[in-house]
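Structural description and commentary
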Number of protein chains: 6
Amino acid sequence: MVEEEVSMVDITSKPPVYREASVRGLIKLKPQTINLIREGKIKKGNPFETAKIAGILAAKNTSQIIPLCHPIPLTHVDIQTRIVDTEKIEVFTTVKTEAKTGVEMEALTATATALLTIFDMVKQYEKDEEGQYPATEILSLKVESKTKKSSS
Amino acid sequence: MVEEEVSMVDITSKPPVYREASVRGLIKLKPQTINLIREGKIKKGNPFETAKIAGILAAKNTSQIIPLCHPIPLTHVDIQTRIVDTEKIEVFTTVKTEAKTGVEMEALTATATALLTIFDMVKQYEKDEEGQYPATEILSLKVESKTKKSSS
Amino acid sequence: MVEEEVSMVDITSKPPVYREASVRGLIKLKPQTINLIREGKIKKGNPFETAKIAGILAAKNTSQIIPLCHPIPLTHVDIQTRIVDTEKIEVFTTVKTEAKTGVEMEALTATATALLTIFDMVKQYEKDEEGQYPATEILSLKVESKTKKSSS
Amino acid sequence: MVEEEVSMVDITSKPPVYREASVRGLIKLKPQTINLIREGKIKKGNPFETAKIAGILAAKNTSQIIPLCHPIPLTHVDIQTRIVDTEKIEVFTTVKTEAKTGVEMEALTATATALLTIFDMVKQYEKDEEGQYPATEILSLKVESKTKKSSS
Amino acid sequence: MVEEEVSMVDITSKPPVYREASVRGLIKLKPQTINLIREGKIKKGNPFETAKIAGILAAKNTSQIIPLCHPIPLTHVDIQTRIVDTEKIEVFTTVKTEAKTGVEMEALTATATALLTIFDMVKQYEKDEEGQYPATEILSLKVESKTKKSSS
Amino acid sequence: MVEEEVSMVDITSKPPVYREASVRGLIKLKPQTINLIREGKIKKGNPFETAKIAGILAAKNTSQIIPLCHPIPLTHVDIQTRIVDTEKIEVFTTVKTEAKTGVEMEALTATATALLTIFDMVKQYEKDEEGQYPATEILSLKVESKTKKSSS
């Protein structure tokens, strides 16, 4: 049997303080798809707005998606999207709360969900003739910064 | 007002056929963390088993995480994890079903969730002195193959 | 691309205070159906008790149903149902909390869900010969009052 | 104790056939708010796109929101929004499936959620000086049509 | 690292057939509480109706509660409650479907949730002076029968 | 119509204090199955680790599973599993929080879910030749202790 037993960190005695985390993510798409996004011609709807909504909902549901995350009363989720160049889109998320533990997993979950939603919104343009996705790839997902500040 | 209106693809008239999708994902961790995983010494529990369970649950919940995905009765989800080298871990997911539409978003959502869960399980070892994560990064998430076969 | 970017209101710096919201809703049913409810003869079960339970569960899940709502630790949800006249039923909901933002969306979501559940419980009696619902209609859903009180 | 016992309809022996349901809903807002929507100036984001996404997600989650609804593999959800006049917005939803039971509850749940989301997106403009909503009201929610067709 | 790797059973190639499972559960309460239930005097509401609704919802959500369960389109859930004697209540659940795998976990999850809900509805009467529950206990949860029948 | 109306307890005015609850549960399995668990040979994966993860997730989701439970920000969930003898496994759960109401329902829900997950993980070894489960039974689920302490 395993030595490592699954266990949630006990945060009972930690004081609730202001916490913030920012995460950056990057997805590679075909240049033609980036053009269609730029021109507002994606048939399933605006990929950026849909991605933001999906990401915000996922941030709030993190403690049901990542097994050992504590439930945290998020006070703000901000998701920005940006066309970086002819084949890359960036998602940048900031999550804020006043809680006993940090919110980097919430920001990561929101950003991953936003990137996956962009993939879903444009996947019909990314497929090749055999129905494969040779060009599409999430290239990076990284915590940019984490802040903790006592409220006093 | 936007030109692009959000709309779900209508799959009513498509016949249900056998469908499969495989997705590969990669996360970069510190070599010390990889060693701790190898030795079974991660304090929060086995990161690979926890990641697999989180990924399987997420695959089954994809139509609530990605807004325009159809609900699909998955018949199999398999998630494999592997230490690639001194600083990379790979997650490889295969999803199967008999349905009117493909399961690449389910495989992507499962893999992303498994990678995020690995991050969460080891994050205490990845933090530097200032509580930041300079080394940790999801490096890739990509559909490896997608198959469709009429059941006859 | 859209000018309006989806964004959650930042409530981080607001103090948690006592908050209450009341919502009234009205559904029109056929007089025969109202009679069956009065006599306790609805085959699928008591529509009022089922509606209250569904409404309470929905109130607690509002931040997953309405995309930009903050998660709020509700401390009370009360749902009252009443036969108004021969063809109308009223649902009246009060939600209470101590939080950084108001709970009118929680009370609205609970009331809408309770009304929809009443519809579902009695829909077999509301159908005409062609399976249509010419008489059934949710007639109103309105915030009756909203209160905010500093706890001191 | 109650005579009416809660019970789910047994649909085991019904054949799966094509099913469709359409629902119309109406919300009353202040003329100034309608103008802001028309001009694309709602600060929280585009209310129509957000409402559509929330409605589609709710349609797919109906069997968890309305207690006695069966889980149904929806194959299409379409939500249209329209400014009716200087103070009314209409939401019109069509849901399709191939299933053993109808989808009117799914179309109703989607439409109610879309209307509530519009409310949430514009509520800052609807409040009066005392923080009340004297003008805002969901005016109607009604099944427009229900269709059942054997697939042969 | 563990030898046993978490893996979902692959049911892709199994034909969908009629399936049924029945589960019996038993909870022990104080005789005074049983009397209050009998007289319809439980302050939080009818424990049997609330338990049935909670159980039906849980049955439909089993694949999100039990990690390796497949999503199954349930066609019927029936939950019966019965006062067995002066200190025991029985919950008996039958679940039906037409699917590639059995529904005993769905029937077990529904029954467990119904028993827990009964506990919650009456817990104020079960507490002793020190706030403990010396008498209350779920005594049994057992699959009574499982049926599989090819539909031809 | 019912006398007993479903109603959530109003906890608005209660102060948040430290709360803890412990629950013990017991499941009976066949001796051969217990041996397979001991030897780490369960084909679907480690039943104890999977049960712990399922239990922790369920604890955090209690207010959506048990209708009248308040949402509570859990600060710790600990689940221990133990082979008691040749045919019994014990699950022991402790839940902690700082909240306006107790967490015994959270500890009960976690334990029940862990026991059900163990059942699911080993059910292929528990079936007899006719696909029935004559030996398998959840034998007990009981609150061991409940603590409340003002934080000052």
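For the structure itself, look to the data block above.
The structure reproduced in this document is the subject of the present report.

Cut-off values and rules
- The numbering scheme is per chain: residues are counted from 1 as the chain's sequence reads.
- Throughout, the order in which chains and ligands are written sets their labels, letters from A for the former and numbers from 1 for the latter.
- With pLDDT at 70 or above as the cut-off, local features in this predicted model cover only qualifying residues; side-chain atom pairs require 80 or more to be listed or tallied, and sums for whole chains, interfaces and linings still use all residues.
- Working from all heavy atoms in the structure, the side-chain values ignore hydrogens and water.
- The least-squares superposition of copies is restricted to C-alpha atoms, and to residues with a pLDDT of at least 70 in both copies.
- Contacts are assigned to residue pairs with any non-hydrogen atoms lying within 4.5 Å of each other.
- One speaks of a salt bridge when a side-chain nitrogen belonging to Lys or Arg is within 4 Å of a carboxyl oxygen belonging to Asp or Glu.
- Helical segments are the DSSP runs of H or I of at least four residues, strand segments are the runs of E of at least two, and each set is numbered from the N terminus.
- Note on exposure labels: buried denotes an accessible area under 20% of the residue type's maximum, exposed denotes more than 50%, and partly exposed covers the range between, all computed with a 1.4 Å probe on protein chains only.
- What counts as buried area is the accessible surface, traced by a 1.4 Å probe, that two parts surrender upon association, with contributions from both included.
- N or O atoms within 3.5 Å of each other form a polar contact, as long as, within protein, one can give a hydrogen and the other can take it, and as long as residues adjacent in sequence are counted only when both atoms are side-chain atoms.
- Three categories are distinguished: nonpolar for Ala, Val, Leu, Ile, Met, Phe, Trp, Tyr, Cys and Pro, charged for Asp, Glu, Lys and Arg, and polar for the others, with Gly belonging to the last.
- When DSSP locates at least two bridges between a pair of strands, those strands are taken to pair.
- Here the axes come from fitting lines to C-alpha atoms, over the contacting stretch only for helices, and the angles between their N-to-C directions go from 0 to 180 degrees.
- Angles below 35 degrees are treated as roughly parallel, those above 145 as roughly antiparallel, those between 65 and 115 as roughly perpendicular, and all remaining angles as oblique.
- Each crossing gets its hand from how the near helix is turned against the far one by less than a right angle, where anticlockwise is left-handed and clockwise is right-handed.
- Every helix has an expected span of 1.5 Å times one less than the residues it contains.
- Note on bend: at a given residue it equals the angle between the axes fitted to the 7 residues ending there and to the 7 starting there.
- Between 30 and 60 degrees the pair is tilted, below 30 it is stacked and above 60 it is edge-to-face, where a pair is any two Phe, Tyr or Trp rings, Trp via its six-membered ring, whose centres lie within 6.5 Å.

Its rotation angle being 180°, the transformation that places chain E on chain F also includes 0.0 Å of axial translation and leaves an RMSD of 0.0 Å. The symmetry that links the two subunits is that of a two-fold axis. For chain E, the minimum C-alpha distance to the rotation axis belongs to Leu 139 of chain E and amounts to 2.8 Å. Both copies contact each other with a shared surface, as 100% of the interface residues of chain E are interface residues in chain F too.

Another point: the pattern of salt bridges. Counted by the stated rule, this structure contains 72 salt bridges over all chains. The residue Arg 24 of chain B makes a salt bridge to Glu 144 of chain B at a minimum N-O spacing of 3.4 Å. Here Arg 24 of chain B is found in strand E1 (residues 17-28), whereas its partner Glu 144 of chain B is found in strand E4 (residues 137-149), with 120 residues between them in sequence. We classify Glu 144 of chain B as partly exposed; its relative accessible area is 37%. For Lys 100 of chain B, the salt bridge is made with Glu 98 of chain D, and the minimal N-O distance between the two is 3.6 Å. Placement of the pair is Lys 100 of chain B in the loop between strand E3 (88-99) and helix H4 (104-126) and Glu 98 of chain D in strand E3 (residues 88-99), with the two residues belonging to separate chains. Glu 98 of chain D gets classed as partly exposed once you look at its relative accessible area, which sits at 33%. Residues joined in a network through salt bridges with shared partners are Arg 24, Arg 82, Glu 90 and Glu 144 of chain A.

Attention now moves to the interface of chain E and chain F. Chain E puts 49 residues into the contact, and the matching count from chain F is 49 residues. Of the roughly 4,000 Å² buried where chain E meets chain F, counting both sides, 59% is carbon and sulfur surface. Three residues stand out in chain E for area buried against chain F, namely Glu 4, Lys 44 and Leu 116 of chain E, and they jointly supply 16% of the buried area on that side. Counting every contact that joins chain E to chain F gives zero salt bridges. Our count for the contact surface shared by chain E and chain F stands at 14 residue pairs in polar contact (both at pLDDT 80 or more). Mapped by element, the contributors of at least two residues to the side of chain E that touches chain F are helix H2 (47-60), helix H4 (104-126) and strand E4 (137-149) of chain E. With twelve residues, H4 of chain E is the largest single contributor of residues to the side of chain E that touches chain F. Its residues assigned to classes, the side of chain E that touches chain F comprises 23 nonpolar, 13 polar and 13 charged. Strand direction decides the pairing type here: E4 of chain E and strand E4 (residues 137-149) of chain F, joined by two bridges, are antiparallel.

The N-to-C vectors of helix H4 (residues 104-126) of chain A and H4 of chain B enclose an angle of 165°; their axes lie 11 Å apart at closest approach. Compared by their axis directions, H4 of chain A and H4 of chain B come out roughly antiparallel. Remark: the crossing between H4 of chain A and H4 of chain B carries right-handed chirality. Touching Glu 104, Met 105, Leu 108, Thr 109, Ala 112, Leu 116, Phe 119, Asp 120 and Lys 123 of chain A of H4 of chain A are Glu 104, Met 105, Leu 108, Thr 109, Ala 112, Leu 116, Phe 119, Asp 120 and Lys 123 of chain B, all from H4 of chain B. By residue class, the composition of the contact of H4 of chain A with H4 of chain B is ten nonpolar, two polar and six charged.

Turning our eyes to something else, we now look at helix H4 (residues 104-126) of chain F. Residue and element names in this part refer to chain F. Between the first and last C-alpha of H4 there are 30 Å, a value that for 23 residues agrees with the 33 Å anticipated at 1.5 Å per step. Along its length, H4 reaches its greatest deviation from straightness, about 40°, at Asp 120. Burial analysis of H4 places 21 of its 23 residues in the buried class, which makes it a mostly covered element.

Residues and elements named next belong to chain C. Tallied over the full model, the rule gives six aromatic pairs over all chains. On the numbers, 5.4 Å between centres and 75° between planes, the contact of Phe 119 with Tyr 133 is edge-to-face. Linking Phe 119 in helix H4 (residues 104-126) with Tyr 133 in the loop between H4 and strand E4 (137-149), this pair joins segments that are 14 residues apart in sequence. Tyr 133 shares its class with Phe 119; the two are buried.

Read across the sheet, eight strands follow the order E2(E)-E3(E)-E1(E)-E4(E)-E4(F)-E1(F)-E3(F)-E2(F) without closing on themselves; strand pairing throughout is antiparallel. Edge positions in the open sheet fall to strand E2 (76-85) of chain E together with strand E2 (76-85) of chain F, since each of these has one partner strand only. Averaged over neighbouring strand pairs, the angle between their axes works out to 20° when direction is ignored. By the bridge criterion, twelve bridges tie strand E1 (residues 17-28) of chain F to strand E3 (residues 88-99) of chain F in an arrangement that is antiparallel. Across the sheet, Glu 20 of chain F pairs through a bridge with Lys 96 of chain F, a residue of E3 of chain F. Against the sheet, helix H1 (residues 31-38) of chain F touches E2 and E3 of chain F, its axis set at about 125° to E2 of chain F. Sheet strands touched by H4 of chain F: E4 of chain E together with E1, E2, E3 and E4 of chain F. Its angle to E1 of chain F, the strand with the most contacts, is close to 25°.

This part takes up the packing of H1 of chain F against H4 of chain F. All names here are of chain F. It is at 10 Å that the axes of H1 and H4 come closest, and there the two elements cross at 125°. Regarding the angle of H1 to H4, the classification is oblique. When you trace H1 past H4, the crossing you get is right-handed. Along the contact surface, H1 presents Thr 33, Leu 36 and Ile 37, while H4 presents Val 122, Tyr 125 and Glu 126. Taken together, the residues of the contact of H1 with H4 sort by class into four nonpolar, one polar and one charged.

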